[in-house]
Amino acid sequence: MWKKLLILSFLSVILASCSLFTGGDKQDYSKLYFDFNLSELALDRNAEYSSLCWYEDNLILLPQYPSYFRTRINKDVIFMLTKDQLSKTIKRKGKAVINPETIEVVNNEIYKLLPGYEGFEGICYDGQYFYLTVEFSSENHKGLIVKAELTPDKKKLKILNDQHLILDLPGQVFNASFESISIFNNSLYLIYEANGININKNPIVKKISLDLSSSEDIKFEHIEYRITDITDFDETGRAWAINYFWPGDASHYLPDQDNIPNPYAKSNNQESGIERIIPLILTDNVIKYDFSRDPIYIKKESRDFSYNWEGIVKYDNNSFILASDKFPKSVLRYLKK
């Protein structure tokens, strides 16, 4: 009898936990996750979150179009959460409502530099300045990086329009640009979104000085699907990136054979889409897939349902925080390896 009670207790714990397992799959992704319960303003799907980064002990949420919020609160904004807020709600598995602070974006005239402005895509922070990548219509075959700084009261993010660099795109894929940006050893690294073998014959990463005075192309591997954001590199040159594919983009991304290990091929394939976090390593001036670590697959909820993951940071050594664009809605997610 005691064995039956023990088994029932164990099963109840498993069923009560929040995992990525569903009965239709033979294998368990076994990742703990939950979504943060943000305020109504921050959860507006038109925020179109495109990147995350750490600013000291604060998490920055970057909307693609900060100007959208003029219609809501009469100013352009990005959002900020303290690590203390995050820690408290993680302990409660997302049940507490978090009201992010708004930071007003001022002096933004970047849209005047090139035709076809399509908003911000990536953000990182070097201890003094923020660096943001900007997307323009893909017909221009150009991207841009610009510096910004917080005002002393930390209430406004001032775009430094004169401190920018216009960049040639390494590919000609519809709606693709430099979506990922990170810092390592006092250099910026910008990763283009589309690096598959059928659409980008010579994938590169832009390595740029912090003063934006110099740029060089370094080698990047062919990796199928989209690269939409990257974490900070650690001291060993290792990082994690979102690797995402929506089947509706097949005509643009022309995916080829995927060489990244996938134990869940029946659940995550080209027909139903890919949602995963992949390990990268920077060594000898090359960024490549790190085969010493396993990819992390995000369990898809159904065949025709995809989250457009576009933001990632490491929360600690064993967990991440992810953000989705407007499809299917704005989501800020905690995911444990």
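Report on the accompanying structure. In this numbering scheme, every chain counts its residues from 1 along its sequence in written order. Given that the model is predicted, a residue must reach a pLDDT of at least 70 before its local features are reported, and side-chain atom pairs must reach 80 or more before they are shown or counted; all residues, however, enter totals for whole chains, interfaces and linings. Working from all heavy atoms in the structure, the side-chain values ignore hydrogens and water.

1. Some details on the environment of Gly248
At step 1: Counting from the N terminus, the helices are DSSP H or I runs at least four residues long and the strands are E runs at least two residues long. With respect to the element layout, Gly248 can be found in the loop between strand S18 (238-245) and helix H4 (250-253).
At step 2: Relative accessible area decides the class of each residue, using a 1.4 Å probe on protein chains only: under 20% of the type maximum gives buried, over 50% gives exposed, and in between gives partly exposed. Judged by relative accessible area, which is 38%, Gly248 ranks as partly exposed.
At step 3: For the pair Gly248 and Gly273, spaced 25 residues apart in the sequence, the C-alpha separation amounts to 8.9 Å.

2. Some words on the pairing of strand S16 (residues 215-220)
At step 1: DSSP calls a pair of strands paired once it identifies at least 2 bridges connecting them. Two strands pair when backbone bridges link them, and strand S15 (residues 204-209) and S16 are joined in this way by 5 bridges, in the antiparallel orientation. Paired with Val205 across the strands is Ile218, a residue of S16.
At step 2: Linkage of S15 to S16, two consecutive antiparallel strands, is achieved through a turn of 5 residues, within which Leu212 is found at a positive phi near 60°.
At step 3: Where S16 lies against strand S20 (residues 286-289), 2 bridges are found, and the strand directions are parallel. Paired with Lys219 across the two strands is Val286, which belongs to S20.

3. A short note on the packing of aromatic side chains
Aromatic ring pairs are reported here in terms of the distance separating the ring centres and the angle at which the planes meet.
At step 1: By convention, a stacked pair of Phe, Tyr or Trp rings (six-membered ring in the case of Trp) has centres within 6.5 Å and planes under 30 degrees apart, an edge-to-face pair has planes over 60 apart, and any other such pair is tilted. Applying the stated criterion across every chain yields a total of 19 aromatic pairs.
At step 2: Note on Phe69 and Phe79: the rings are 5.2 Å apart at their centroids and 80° apart in plane angle, and the pair reads as edge-to-face. With Phe69 in the loop between strand S4 (58-63) and helix H2 (70-73) and Phe79 in strand S5 (residues 77-82), this residue pair connects regions lying 10 residues apart in the sequence. Accessibility assignment for this pair places Phe69 and Phe79 in one class, buried.
At step 3: Taken together, a centroid distance of 6.0 Å and an interplanar angle of 70° make the contact between Phe178 and Tyr192 edge-to-face. On the criterion of sequence distance, the pair formed by Phe178 in strand S12 (residues 178-184) and Tyr192 in strand S13 (residues 187-192) is long-range, its members being 14 residues apart.

4. Quick notes on the sheet that holds strand S10 (residues 142-150)
At step 1: Across the sheet, 8 strands lie side by side as S3-S4-S5-S7-S11-S10-S9-S8; this open sheet has mixed pairing. Each edge of the open sheet carries a strand with a single partner, namely strand S3 (49-55) and strand S8 (117-125). Each neighbouring strand pair of the sheet contributes to a mean axis angle of 30°, computed without reference to strand direction.
At step 2: Two strands pair when backbone bridges link them, and S4 and S5 are joined in this way by 4 bridges, in the antiparallel orientation. Paired with Leu61 across the two strands is Phe79, which belongs to S5.
At step 3: In what follows, residue pairs with any heavy atoms lying within 4.5 Å of each other are defined as contacts. Angles here are taken between N-to-C directions and fall from 0 to 180 degrees, while the axes themselves are lines fitted to C-alpha atoms, restricted in helices to the stretch in contact. Contacting S3, S4 and S5, helix H3 (residues 83-91) crosses the sheet at an angle of about 60° to S5.

5. Topic: a positive patch on the surface
At step 1: Without a salt bridge and with relative accessible area above 30%, a residue can belong to a patch; like charges are then joined within 9 Å and nonpolar side chains (Val, Leu, Ile, Met, Phe, Trp, Tyr) within 5 Å. For the area figures, the Shrake-Rupley method with a 1.4 Å probe applies, and any residue is considered shielded solely by the protein chains shown. Salt bridge, as applied in this entry: a Lys or Arg side-chain nitrogen positioned within 4 Å of an Asp or Glu carboxyl oxygen. Two residue types count as positive, namely Lys and Arg, and two as negative, namely Asp and Glu; His and chain ends fall outside the count. Where a charge sits is defined by one atom per residue type, namely NZ (Lys), CZ (Arg), CG (Asp) or CD (Glu). A grouping of Arg92, Lys93, Lys95 and Lys336 is seen on the molecular surface, where their side chains present a positively charged patch.
At step 2: Position of Arg92 among the secondary structure elements: in the loop between H3 and strand S6 (97-98).

6. Topic: the nonpolar core
At step 1: Core analysis: the largest hydrophobic core is formed by 24 residues, its most contacted members being Phe36, Leu59, Leu61, Ile321 and Leu332.
At step 2: Of all the elements in the fold, those that place two or more residues in this core are S3, S4, S5, H3, strand S22 (309-316), strand S23 (319-324) and strand S24 (332-336). Only buried residues count toward a nonpolar core, which is a set of Ala, Val, Leu, Ile, Met, Phe, Trp, Tyr and Cys residues joined through side-chain atoms within 4.5 Å.

7. Digging into the sheet that holds strand S1 (residues 33-35)
At step 1: Strand order in the open sheet formed by 4 strands is S1-S24-S23-S22, and the pairing between neighbours is antiparallel. The sheet is open, and its two borders are formed by S1 and S22, each paired with just one other strand. Along the sheet, successive strands turn relative to each other by an average axial angle of 20°, direction set aside.
At step 2: Summarising the sheet, S1 and S24 pair through 3 bridges and their orientation is antiparallel. Its bridge partner lying in S24, Phe34 is registered against Tyr334.
At step 3: The strands touched by H3 are S1, S22, S23 and S24; relative to S22, the strand with the most contacts, the crossing angle is about 85°.

8. Brief notes about the pairing of S15
When a strand is regular, its side chains alternate between the sheet's two faces.
At step 1: Among the 6 residues in S15, 6 count as buried, and that is most of the element.
At step 2: Inspection of the sheet shows S13 paired to S15 by 5 bridges, in the antiparallel sense. Along S15, the bridge assignment pairs Leu188 with Ile208.

9. As for the side chain of Asn108
At step 1: Inspection of the secondary structure assignment puts Asn108 in the loop between strand S7 (101-106) and S8.
At step 2: For Asn108, the side chain forms a polar contact with the main-chain nitrogen of Ile110, separated by 3.2 Å. A 3.5 Å cut-off defines polar contacts: any pair of N or O atoms within that distance qualifies, except that in protein one atom must be a possible hydrogen donor and the other a possible acceptor, and neighbouring residues in sequence count only when both atoms are side-chain atoms.

10. Here we look at the environment of Leu144
At step 1: Structurally, Leu144 can be placed in strand S10.
At step 2: Separated by 24 residues in sequence, Leu144 and Asp168 place their C-alpha atoms 8.6 Å apart.
At step 3: Here Leu144 is in contact with Ile110, Leu113, Leu132, Thr133, Val134, Phe136, His164, Leu165 and Ile166, once residues within four sequence places are set aside.

11. So, the environment of Asp44
At step 1: As for its placement among the helices and strands, Asp44 is situated in the loop between strand S2 (37-38) and S3.
At step 2: Looking at Asp44, the relative accessible area reads 11%, which means it is buried.
At step 3: Between the C-alpha atom of Asp44 and that of Lys326, which follows or precedes it by 282 residues, the distance is 8.4 Å.
At step 4: When near neighbours in sequence (up to four residues on either side) are disregarded, Asp44 contacts Tyr68, Arg72 and Ser330.

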